[in-house]
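Below, each chain spelled out in residue letters.
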Amino acid sequence: QVQVVESGGGLVQVGGSLRLSCVVSGVAFRTIVMGWYRRTPGQEREFVARIVSNEMVHYSDSVKGRFTASWDNAKNTAYLLMDNLNPTDTAVYYCAAFLTTGTRWGQGTAVTVSS
């Protein structure tokens, strides 16, 4: 059974950084595409980044240049390094594993950016 577990959220001040982690188990990491999304209360889930490989990562315009997504095959872990955070980045961040059998979502990790 495929499981997706995020961690690393927390409270950070404006301009600060956080690194989120996403551990995927039950599937060979190299065979899947990973995605990061976020949701704020009352809003639709928003695309943040998609990792096809460490050489092919797509970002939303709102985070491009500030966020860096990557993965570590050896650890079956995806990362989202978030720099220069601002209050509009406050959200619950979700990791998704796109499998041939469907998408598996993690439970989310909350990020709060205080001014």
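Scroll up to find the structure.
1. Remarks on the overall build of the protein chain
Scanning the protein chain from terminus to terminus reveals 0 helices and 11 strands. Secondary structure elements in the protein chain, listed N-terminal to C-terminal, are β-β-β-β-β-β-β-β-β-β-β. Computed over the C-alpha atoms, the radius of gyration of the protein chain is 13 Å, within 12% of the 13 Å expected from 2.2 N^0.38 for a compact globule of 115 residues. Along the three orthogonal principal directions, the C-alpha set of the protein chain runs to about 40 × 30 × 20 Å. Put simply, the protein chain has 115 residues, and 42% of those count as buried. The long-range share in the protein chain, meaning contacts at least 24 apart out of those at least 6 apart in sequence, stands at 52%. Looking at the protein chain, you have 10 positive and 8 negative side-chain charges, and the mean spots of the two groups are 5 Å apart.

2. Some points on unusual backbone geometry
Positive phi values are uncommon outside glycine, yet Asn76 reaches one of about 50°. Look at Asn84: it is not a glycine, yet its phi comes out positive at around 50°. For Asn84, the position within the fold is in the loop between strand S8 (77–82) and strand S9 (91–99). We classify Asn84 as partly exposed; its relative accessible area is 46%.

3. Examining the packing of aromatic side chains
According to the stated counting rule, one finds 3 aromatic pairs in the structure shown. Ring geometry for Tyr37 against Phe98: centres 6.4 Å apart, planes inclined by 65°, an arrangement best described as edge-to-face. Taken as a pair, Tyr37 in strand S4 (residues 33–39) and Phe98 in strand S9 lie far apart in primary sequence, 61 residues in all. For Phe98, a relative accessible area of 25% translates into the label partly exposed.

4. Side note on the state of the cysteines
According to the stated counting rule, one finds 1 disulfide in the structure shown. Covalent S-S linkage joins Cys22 and Cys95, the inter-sulfur distance amounting to 2.0 Å. Its S-S torsion of approximately -80° makes the covalent link between Cys22 and Cys95 left-handed. Note that Cys22 is positioned in strand S3 (residues 18–25) and Cys95 in strand S9, a separation of 73 residues in sequence. According to the relative accessible area criterion, Cys95 is buried, its value standing at 0%.

5. Things to note about the pairing of strand S10 (residues 102–105)
On any regular strand, side chains alternate: one points to one face of the sheet, the next to the other face. Pairing between S9 and S10: 4 bridges, direction antiparallel. If you follow Ala97 over to S10, its bridge partner there is Arg104. Count of turn residues in the S9/S10 antiparallel hairpin: 2 residues.

So, how was this worked out
Residues numbered from 1 in each chain as written. Predicted model: local features only at pLDDT ≥ 70, side-chain atom pairs only at ≥ 80, totals over all residues. Heavy atoms only, no water. Helix = DSSP H or I, 4+ residues; strand = E, 2+ residues; numbered from the N terminus. Rg over C-alpha atoms; globule rule 2.2 N^0.38 Å. Buried < 20%, exposed > 50% of the residue type's maximum accessible area, 1.4 Å probe, protein only. Contact = heavy atoms within 4.5 Å. Lys, Arg positive; Asp, Glu negative; His and termini not counted. Charge placed at Lys NZ, Arg CZ, Asp CG, Glu CD. Phe/Tyr/Trp six-rings, centres within 6.5 Å; stacked < 30°, edge-to-face > 60°. Disulfide = S-S within 2.5 Å. Pairing = 2+ DSSP bridges.

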